[in-house]
Amino acid sequence: MDSAGAGIRSSVLCPAMIYGHGLGPARNEVHIAALVAQARHSGVVRHVGAGRNIWSTVHVEDLADLYLPALEGAPASTFYFVENGGSHEGLAASIAEALGLDGPEPWDREAAGAFWGPAFTGGALASNSRVRATRARDMLGSKPRHGSVTEWIATDLPP
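These lines cover the structure that appears in this document, whether it is placed above or below. Note that the structure is predicted; figures quoted are calculated from it, not measured. (Residues numbered from 1 in each chain as written. Predicted model: local features only at pLDDT ≥ 70, side-chain atom pairs only at ≥ 80, totals over all residues. Heavy atoms only, no water.)

The subject of this paragraph is the overall build of the protein. Of the regular secondary structure elements, the protein holds eight helices and six strands. Reading the protein from its N terminus to its C terminus gives the helix and strand order β-β-α-β-β-α-α-β-α-β-α-α-α-α. Overall, the protein is about 55 × 30 × 30 Å in size when its C-alpha atoms are taken along their principal axes. A total of 159 residues make up the protein; the buried ones form 41% of that total. A sequence separation of at least 24 residues applies to 87% of the contacts in the protein between residues at least 6 apart. When the accessible surface of the protein is split by element, carbon and sulfur atoms take 55% of a total near 8,600 Å². Averaging the positions of the 12 positive and the 16 negative side-chain charges in the protein gives two centres separated by 4 Å. (Helix = DSSP H or I, 4+ residues; strand = E, 2+ residues; numbered from the N terminus. Buried < 20%, exposed > 50% of the residue type's maximum accessible area, 1.4 Å probe, protein only. Contact = heavy atoms within 4.5 Å. Areas by Shrake-Rupley, 256 points an atom, 1.4 Å probe, with all protein chains shown as cover. Lys, Arg positive; Asp, Glu negative; His and termini not counted. Charge placed at Lys NZ, Arg CZ, Asp CG, Glu CD.)

Here we come to the pattern of salt bridges. As enumerated under the stated definition, the model contains three salt bridges in all. Taking the shortest distance from any N to any O, the salt bridge between Glu 61 and Arg 145 comes out at 3.8 Å. Linking Glu 61 in helix α2 (residues 60–64) with Arg 145 in the loop between α7 (134–140) and α8 (149–156), this pair joins segments that are 84 residues apart in sequence. Overall, Arg 145 belongs to the exposed group, its relative accessible area being 54%. Here Asp 65 makes a salt bridge to Arg 145, at a shortest N to O gap of 2.8 Å. Note that Asp 65 is positioned in the loop between α2 and α3 (67–73) and Arg 145 in the loop between α7 and α8, a separation of 80 residues in sequence. Assessed through its relative accessible area of 37%, Asp 65 is described here as partly exposed. Here the salt bridges share partners, and the residues they tie into one network are Glu 61, Asp 65 and Arg 145. (Salt bridge = Lys/Arg side-chain N within 4 Å of Asp/Glu carboxyl O.)

Looking now at the environment of Gly 43. Mapped onto the fold, Gly 43 is located in the loop between α1 (30–42) and β3 (44–48). Classification of Gly 43 by relative accessible area gives partly exposed; the value is 28%. The sequence separation of Gly 43 and Gly 100 amounts to 57 residues, and the corresponding C-alpha distance is 9.4 Å. Each residue touching Gly 43, except ones within four places of it in the same chain, is listed here: Leu 101 and Asp 102.

Further remarks concern α1. The end-to-end C-alpha separation of α1 is 18 Å, in line with the 18 Å expected for 13 residues at 1.5 Å each. Of the residues making up α1, those classed as buried are His 31, Ile 32, Ala 34, Leu 35, Val 36, Gln 38 and Ala 39. Gly 43 lies just past α1 and shows a positive phi near 85°. (Expected span 1.5 Å × (residues − 1).)

Time to look at unusual backbone geometry. Positive phi outside glycine occurs at Ser 77, with the angle close to 60°. On the secondary structure map, Ser 77 appears in the loop between α3 and β5 (78–82). For Ser 77, a relative accessible area of 45% translates into the label partly exposed.

If you want it as structure tokens, here you go:
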């Protein structure tokens, strides 16, 4: 049965890589926390392969800002990507600078997989996930308040 036809108004918010400090028990997001943990463990910041993979990003507070407009006025059966730019390219360099460590250095996929696990390495750190939030901007009025992920790393990543 078609949910919209049954009078059920539903929407899906599909965020890109979320960054920023959470307010609940999981304070850190997954991707950047993994890169930082590896850097602190080895003393050298690394990225998988050439480090040119692209991931759209969104600050956790910018994502949270969209839930009320989606609940109040989104048409039934709508899907929205949520992002405010960014990419993995430059993440490792930003982390190295913020932590005062060497790098970034390329890391082959097998060695990275041995550290992080092959699924996380291949499915997240060595892959691409680029989206555009055109519909969220047009239909929900999405206006991100936060800067880029690399700006967040430079100002808010604990040393």
